[in-house]
Amino acid sequence: MELIEDPLFYAVAIPAVMIAGISKGGFGGGLGIVAVPTMALVIGPIEAAAIMLPILCAMDVFGLIAYRRTADWTNLARLLPGAIAGIVVGALTFRLFDADAVRLTIGLIAVLFTLQHWTGFGPRRADGAPPRPSWLKGSGFGGVAGFTSFVAHAGGPPVQFYMLPQRIDKTLYVGTTVWFFFAVNAAKLVPYSMLGLFSAENLGTSLALAPLAPLGIWAGVRLHRLVSQQVFYRIAYGLLFLTGLKLCWDGAAALVG
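Calculation notes
Note on numbering: residues in each chain are counted from 1, in written sequence order. Side-chain atom pairs in this predicted model are given and counted only at pLDDT of 80 or more, local residue features only at pLDDT of at least 70, and totals for whole chains, interfaces and linings cover all residues. Hydrogens and water molecules were not included; the side-chain quantities draw on all heavy atoms of the structure. Strands here mean DSSP runs of E at least two residues long; helices mean DSSP runs of H or I at least four residues long; both are numbered from the N terminus. Our radius of gyration is a C-alpha quantity, and the globule rule it is checked against amounts to 2.2 Å times the number of residues to the power 0.38. For accessible areas, the Shrake-Rupley method is used with a probe of radius 1.4 Å. Any residue's cover is judged against the shown protein chains and nothing else. In this tally, Asp and Glu contribute negative charge and Lys and Arg positive charge; neither His nor the terminal groups of the chain are included. To locate a charge, the coordinates of NZ of Lys, CZ of Arg, CG of Asp or CD of Glu are taken. Take the residue count of a helix, subtract one, and multiply by 1.5 Å to get its expected span. Axes are fitted to the seven residues ending at a residue and to the seven starting at it; the angle between these axes is taken as the bend at that residue. Accessible area is worked out with a 1.4 Å probe on protein chains only. A residue is then buried under 20% of its type maximum, exposed over 50%, and partly exposed in between. Working rule for contacts: check all heavy atoms of both residues, and any pair within 4.5 Å makes them a contact. The definition of a polar contact used here is a pair of N or O atoms within 3.5 Å, where within protein one atom must be able to donate a hydrogen and the other to accept one, and adjacent residues in sequence count solely through side-chain atom pairs. Orientation is described by lines fitted to C-alpha atoms, with helices fitted over the stretch in contact, and by angles between N-to-C directions that extend from 0 to 180 degrees. Oblique is the label for every angle not falling under 35 degrees (roughly parallel), over 145 degrees (roughly antiparallel), or within 65 to 115 degrees (roughly perpendicular). Crossings are sorted by hand: turned counterclockwise from the far helix by less than a right angle, the near helix makes the crossing left-handed, and turned clockwise it makes it right-handed. Residues are grouped as follows: nonpolar covers Ala, Val, Leu, Ile, Met, Phe, Trp, Tyr, Cys and Pro; charged covers Asp, Glu, Lys and Arg; every other residue, Gly included, is treated as polar. Note on aromatic pairs: the rings of Phe, Tyr and Trp (six-membered ring only in Trp) are paired at centre separations within 6.5 Å, and the planes decide the class, stacked below 30 degrees, edge-to-face beyond 60, tilted for the rest. Put simply, buried Ala, Val, Leu, Ile, Met, Phe, Trp, Tyr and Cys residues joined by side-chain atoms within 4.5 Å make one nonpolar core. Within this document, salt bridges are pairs made up of a side-chain nitrogen of Lys or Arg and a carboxyl oxygen of Asp or Glu, the two lying within 4 Å of each other.

1. Focus on the overall build of the chain
Now for step 1: For the chain, the count of helices and strands is 11 helices and 0 strands.
Now for step 2: What you see in the chain, going N to C, is helices and strands ordered as α-α-α-α-α-α-α-α-α-α-α.
Now for step 3: Over its C-alpha atoms the chain spans a radius of gyration of 17 Å, differing by no more than 12% from the 18 Å that the globule rule assigns to 257 residues.
Now for step 4: With the C-alpha coordinates aligned to their principal axes, the bounding extent of the chain is approximately 60 × 40 × 30 Å.
Now for step 5: Entry remark: accessible area of the chain is about 11,600 Å², with carbon and sulfur atoms responsible for 70%.
Now for step 6: Here the chain contributes 17 positive and 12 negative side-chain charges, whose respective centroids are spaced 17 Å apart.

Listed below in structure tokens is the structure:
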């Protein structure tokens, strides 16, 4: 079996994969985007994305075991068609778009979205009720999530933009994201293969890191059960803000450098 042998790679990859699993299993996947940029400190970003995709798929399977009966099917019906379209666009334009520019754009939106929530600035419903599932918003954010997930494994923030304001039950929220990314990541396997991104070394490295997938999901599920609804949403918005800052930093640093 071929795999990356550099010890420095595993020193950064192991904690990054664990963080991704904990975030996906307990808090809707906000910090899952740290894995690829962290690995990209040692290897190329495209190689890092290819290594991470099979691991994400493994996490999705274990996530479904934990949340198999928990999903908001109304929101999924609005998100998934757009997501599949976004994946197709990402696959067809993969060689044209700069992944760092995508990271920077999504990062800026994530930061502004979180600040808007924390400050209360901006339009709100007169009765103070949370927004309901919307075909227009769901399709739009789903499409962006599919595209950014394909290009940079950064599909989490667009889904959070759409779902967090709805303030649904914390377990229903996480279960919905688990089902969503199970479908999205599985769909990405075919175009990733067609683009030749799965080398023997990449797949071997994915297999070596795969045992971390159930460990991260298990830890995330345990943490999810320990926090209240109010604390969960505080953590979710906090993770989204940190995710945005991380994306901004990675995108800006790469574009300037």
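Having seen it, we continue.
2. Observations concerning helix H4 (residues 73-92)
Now for step 1: The end-to-end C-alpha distance of H4, which contains 20 residues, comes to 29 Å, matching closely the 28 Å that a straight helix rising 1.5 Å per residue would cover.
Now for step 2: The largest bend in H4 amounts to roughly 30° and is located at Leu79, with the proline Pro81 lying one to four residues further along.
Now for step 3: Listed as buried for H4 are Asn75, Leu76, Arg78, Leu79, Gly82, Ala83, Gly86, Ile87 and Gly90.
Now for step 4: Among the structural elements, helix H6 (135-152), helix H7 (156-163) and helix H8 (170-194) are those in contact with the buried residues of H4.
Now for step 5: The N-capping residue of H4, defined by a side-chain oxygen 3.2 Å from the backbone nitrogen of Thr74, is Asp72.

3. Quick look at the packing of helix H3 (residues 45-67) against helix H9 (residues 200-209)
Now for step 1: The interhelical angle for the contact between H3 and H9, taken along N-to-C directions, is 45°, at an axis separation of 8 Å. Regarding the angle of H3 to H9, the classification is oblique. Between H3 and H9 the crossing geometry is right-handed. Contacts between H3 and H9 involve Glu47, Ala50, Ile51, Pro54 and Ile55 from the former and Glu201, Asn202, Leu203, Thr205, Ser206 and Leu209 from the latter.
Now for step 2: A per-class count over the contact of H3 with H9 returns 6 nonpolar, 3 polar and 2 charged.

4. Section: unusual backbone geometry
Now for step 1: Residue Arg167 is not a glycine yet carries a positive backbone phi of 55°.
Now for step 2: Mapping Arg167 onto the fold places it in the loop between H7 and H8.

5. Some thoughts on the packing of aromatic side chains
Now for step 1: Scanning the model with the defined rule gives 12 aromatic pairs in all.
Now for step 2: On the basis of an interplanar angle of 70° and a centroid distance of 6.1 Å, the ring pair of Phe141 and Phe161 is categorised as edge-to-face. Taken as a pair, Phe141 in helix H6 and Phe161 in helix H7 lie far apart in primary sequence, 20 residues in all.
Now for step 3: You can call Phe141 partly exposed: its relative accessible area is 28%.
Now for step 4: Every member of this aromatic cluster is reached through a ring pair, and the members are Phe27, Tyr173, Phe232 and Tyr233.

6. Some details on the environment of Gly21
Now for step 1: In this structure, Gly21 sits in helix H1 (residues 7-26).
Now for step 2: Among the residues examined, Gly21 registers a relative accessible area of 0% and is labelled buried.

7. Considerations on the environment of Pro133
Now for step 1: In this structure, Pro133 sits in the loop between helix H5 (99-119) and H6.
Now for step 2: With 55 residues separating them along the chain, Pro133 and Arg78 place their C-alpha atoms 7.7 Å apart.
Now for step 3: Ignoring sequence-local partners within four residues, the contact set of Pro133 consists of Thr74, Asn75, Arg78, Tyr162 and Gln166.

8. Notes on the nonpolar core
Now for step 1: With 61 residues, the main nonpolar core has Phe9, Met39, Met52, Met59, Phe180 and Leu209 as its most contacted residues.
Now for step 2: Among the elements that make up this core, the one with the highest residue count is H3 (12 residues).
Now for step 3: Each residue touching Met39, except ones within four places of it in the same chain, is listed here: Phe9, Ala13, Val17, Ala48, Ile51, Met52 and Leu209.
Now for step 4: The next biggest cluster of nonpolar side chains, apart from the first, holds 9 residues, and it includes Val34, Ile106, Phe147 and Leu247.

9. Examining the pattern of salt bridges
Between side chains of opposite charge, pairing is possible as soon as their charged atoms come close.
Now for step 1: The full count for this structure, using the stated rule, is 2 salt bridges.
Now for step 2: Here Asp60 ties to Lys24 by a salt bridge, and the two come within 3.0 Å at their closest N and O atoms. Separated by 36 residues along the polypeptide, Asp60 in helix H3 and Lys24 in helix H1 bring together distant segments of the chain.
Now for step 3: Owing to a relative accessible area of 11%, Lys24 belongs among the buried residues under this scheme.
Now for step 4: In this structure, Lys246 engages Asp250 in a salt bridge whose closest nitrogen and oxygen atoms are separated by 3.4 Å. Of the two residues, Lys246 and Asp250 both sit in helix H11 (residues 229-256), 4 residues apart, roughly one turn of that helix.

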